[in-house]
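The primary structure of each chain is shown beneath.
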Amino acid sequence: MVQVERPLSPHLQVYKPQLTSVLSILHRVTGVALGAGALLLAWWLVAAAYGPGQFETVQAFMASWLGRLLLFGFTFSLFYHLCNGIRHLFWDAGWGFELKTVYASGWLVVVASLGLTAASWIAGYAGGGGP
Amino acid sequence: MSHRTPAGRVRGLGSAQHGVDHWWAQRLTALALVPLTIWFCVSIIGLIGADHAAFVSWLSTPGRAVAMLLLVVATFHHMKLGLQTVIEDYVHGRGWNAALLVLNSFACITLGVACAFAIVKMALGG
C-alpha cells in the first residue's frame with residue numbers, strides 16, 4: 001500500500017503571522033534561550049565560589065563584545081518571558097480572554113519588555129558598566 | 001484488592017497518572033519568580049563593576065543568600081518543567097525523546113545544586 005504524504009496539522013506556513021501567534025512562539029523561544037542564560041548564571045556563581053581569579057575570568061568574558069551580546073539577548077529574553085509570563089498567569093486565573101484585551105495585553109508586553117531591556121542597559125552603563 | 005471505583009482511582013490524575021502536578025508546579029514557580037527575578041535584576045545592575053570581594057560581601061547577608069537560593073531553586077525547577085514540555089512537543093523519536101528528557105532532568109538538577117552550593121559556600125564564608 002502506498003503511503004500518501006498528506007500535509008499534517010498545524011501546517012504553520014499557511015497561516016498569516018498574527019501578534020497572538022508570534023508572541024506565543026516567542027514565549028517558548030525566549031524560554032529555551034533563558035535555558036542557555038541559566039548556564040551563564042551557573043558559570044558565574046560557581047566561578048565566584050572558586051575564588052577571585054575564576055570570577056575575574058567570567059567578569060572579563062561578560063564585559064567582552066560577545067559577552068555583552070549574550071547578556072543583551074539574555075536581558076531581553078528574561079523581560080519578555082517575565083512580562084508574557086505574567087500575562088499567562090492572568091489567563092490562568094481566567095482574566096483577559098476577550099480578543100481586544102488579548103491584543104492590548106500583547107502590545108503591552110512588547111512595549112514593557114523592550115522598555116525594561118532599554119532601561120536596564122541605560123542604568124547599567126550609567127552605573128559604571130561602560131566600555 | 002482495591003475497593004475504589006474506577007472513577008475514584010483516576011479522578012484528578014488523568015491518563016498520565018500525574019494529574020495537574022506539572023501544570024501546577026510550573027505556575028507556582030512562575031509566580032515565585034516574578035518578585036525574585038525583579039529583585040535579581042535590580043541587584044545585578046547595582047553590582048556591575050563589583051570585584052569578587054564586593055560580590056561575596058553583598059551575597060553574605062542572610063536575606064540575600066536565602067533570596068538567591070530561592071531564585072536558583074525556582075529557576076531550575078521552572079526550567080526543567082519548561083524544557084520538558086518543549087522536548088515532549090517537538091522530539092518524536094522514542095529513543096531521542098527519552099534520552100533528552102533524562103538529560104534535561106540531570107542537567108537542570110546538577111546546575112541547580114551547583115548554584116545552591118556556590119551560594120551557601122560564599123554566604124558562609126568558605
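Just above, that's the structure.
It should be emphasised that the depicted structure is a prediction, and the values quoted were computed from it without experimental measurement.

Moving on to the overall build of chain B. For chain B, the count of helices and strands is 5 helices and 0 strands. Secondary structure of chain B in N-to-C order comes out as α-α-α-α-α. Relative to the 2.2 N^0.38 estimate, which gives 14 Å for 126 residues, the radius of gyration of chain B is 20 Å and therefore markedly larger than a compact globule would have. Once the C-alpha set of chain B is aligned to its principal axes, its extents read approximately 60 × 35 × 25 Å. Within chain B, buried positions represent 18% of all 126 residues. For chain B, restricting intrachain contacts to residue pairs at least 6 apart in sequence, the fraction spanning at least 24 positions comes to 73%.

Another point: the environment of Ala48 of chain A. Residue placement: Ala48 of chain A occurs in helix 1 (residues 19-50). Taking the C-alpha atoms as reference points, Ala48 of chain A and Gln59 of chain A, 11 residues apart in sequence, are found 9.8 Å from one another.

To continue, consider the nonpolar core. Within the largest apolar cluster, 32 residues are counted, with the highest numbers of intra-cluster contacts made by Leu45 and Ala48 of chain A together with Cys115, Ala118 and Ile119 of chain B. Those elements giving two or more residues to this core turn out to be helix 1 and helix 3 (65-92) of chain A together with helix 2 (21-46), helix 4 (62-90) and helix 5 (94-123) of chain B. Examining the composition of this core, we find that 9 residues originate from one element, helix 1 of chain A, more than from any other. Once residues lying within four places of it in the same chain are set aside, the contact partners of Ala48 of chain A are Phe55 of chain A together with His52, Phe55, Val56, Ala118 and Met122 of chain B.

Turning our eyes to something else, we now look at the interface of chain A and chain B. Opposite the 25 residues of chain A that make contact, chain B presents 26 residues. Counting residues per element, the ones that place at least two in the side of chain A that touches chain B are helix 1, helix 2 (52-63), helix 3 and helix 4 (99-129) of chain A. Per-element accounting of the side of chain A that touches chain B gives the leading share, 11 residues, to helix 1 of chain A. Tallied by class, the residues present in the side of chain A that touches chain B amount to 15 nonpolar, 8 polar and 2 charged.

Residue placement: Pro62 of chain B occurs in helix 4. Separated by 61 residues in sequence, Pro62 of chain B and Ala123 of chain B have C-alpha atoms that sit 7.5 Å apart.

Before going further, it helps to spend a moment on helix 1 of chain A. With 32 residues, helix 1 of chain A ought to run about 46 Å at 1.5 Å a step, and its terminal C-alpha atoms sit 45 Å apart, in line with that. At the exit of helix 1 of chain A stands Gly51 of chain A, carrying a positive phi of roughly 145 degrees.

Attention now moves to the packing of helix 1 of chain A against helix 4 of chain B. Where helix 1 of chain A contacts helix 4 of chain B, the two axes come as close as 10 Å, and the packing angle between them is 130 degrees. One way to sum up the angle between helix 1 of chain A and helix 4 of chain B is to call them oblique. For the pair helix 1 of chain A and helix 4 of chain B, the sense of crossing is left-handed. Residues Arg28, Gly31, Val32, Gly35 and Ala38 of chain A of helix 1 of chain A form the contact with helix 4 of chain B, whose participating residues are Thr75, Phe76, Met79, Gly82, Leu83 and Val86 of chain B. Partitioned by chemical class, the residues of the contact of helix 1 of chain A with helix 4 of chain B number 6 nonpolar, 4 polar and 1 charged.

Here Glu5 of chain A is to be found in the segment before helix 1. The spacing of Glu5 of chain A and Gly73 of chain A is 68 residues in sequence and 39 Å in space, taken between C-alpha atoms.

Quick look at the packing of helix 1 of chain A against helix 5 of chain B now. Packing of helix 1 of chain A against helix 5 of chain B brings their axes to within 9 Å, and their N-to-C directions diverge by 35 degrees. Here helix 1 of chain A and helix 5 of chain B pass one another in a crossing that is left-handed. Between helix 1 of chain A, through Ala38, Leu41, Ala42, Leu45, Val46, Ala48 and Ala49 of chain A, and helix 5 of chain B, the contact on the second element is made entirely by Leu111, Ala114, Cys115, Ala118, Ile119, Lys121 and Met122 of chain B. For the contact of helix 1 of chain A with helix 5 of chain B, the per-class residue count stands at 13 nonpolar, no polar and 1 charged.

What counts as what
- Per chain, residue numbering runs from 1 following the sequence as it is written.
- To label them, take the chains in the order written and letter them from A, then take the ligands in the order written and number them from 1.
- Per-residue local features of the predicted model are confined to residues with pLDDT of at least 70, and side-chain atom pairs are confined, for both listing and counting, to 80 or more; whole-chain, interface and lining totals are unaffected and use all residues.
- Numbering of helices and strands starts at the N terminus; helices are DSSP runs of H or I of at least 4 residues and strands are runs of E of at least 2.
- The globule rule used for comparison is 2.2 Å times the number of residues to the exponent 0.38, while the radius of gyration itself is calculated over C-alpha atoms.
- Three classes are used. A residue is buried when 20 or more other C-beta atoms lie within 10 Å of its own, exposed when 12 or fewer do, and partly exposed in between, with C-beta atoms placed from the backbone.
- We call two residues in contact if the C-beta atoms placed from their backbones are at most 7 Å apart.
- Structurally, a nonpolar core is described as a collection of buried Ala, Val, Leu, Ile, Met, Phe, Trp, Tyr and Cys residues joined by way of C-beta atoms within 7 Å.
- Residue type decides the class: Asp, Glu, Lys and Arg count as charged, Ala, Val, Leu, Ile, Met, Phe, Trp, Tyr, Cys and Pro as nonpolar, and the leftover types, Gly among them, as polar.
- Multiplying 1.5 Å by the residue count of a helix minus one yields the expected span of that helix.
- The convention used is that axes are lines fitted to C-alpha atoms, helices contributing only their stretch in contact, and that angles between N-to-C directions extend from 0 to 180 degrees.
- Small angles under 35 degrees read as roughly parallel and large ones over 145 as roughly antiparallel, with 65 to 115 read as roughly perpendicular and the rest as oblique.
- Definitions for this section: a left-handed crossing has its near helix turned counterclockwise from the far helix by less than a right angle. A right-handed crossing has that turn clockwise.

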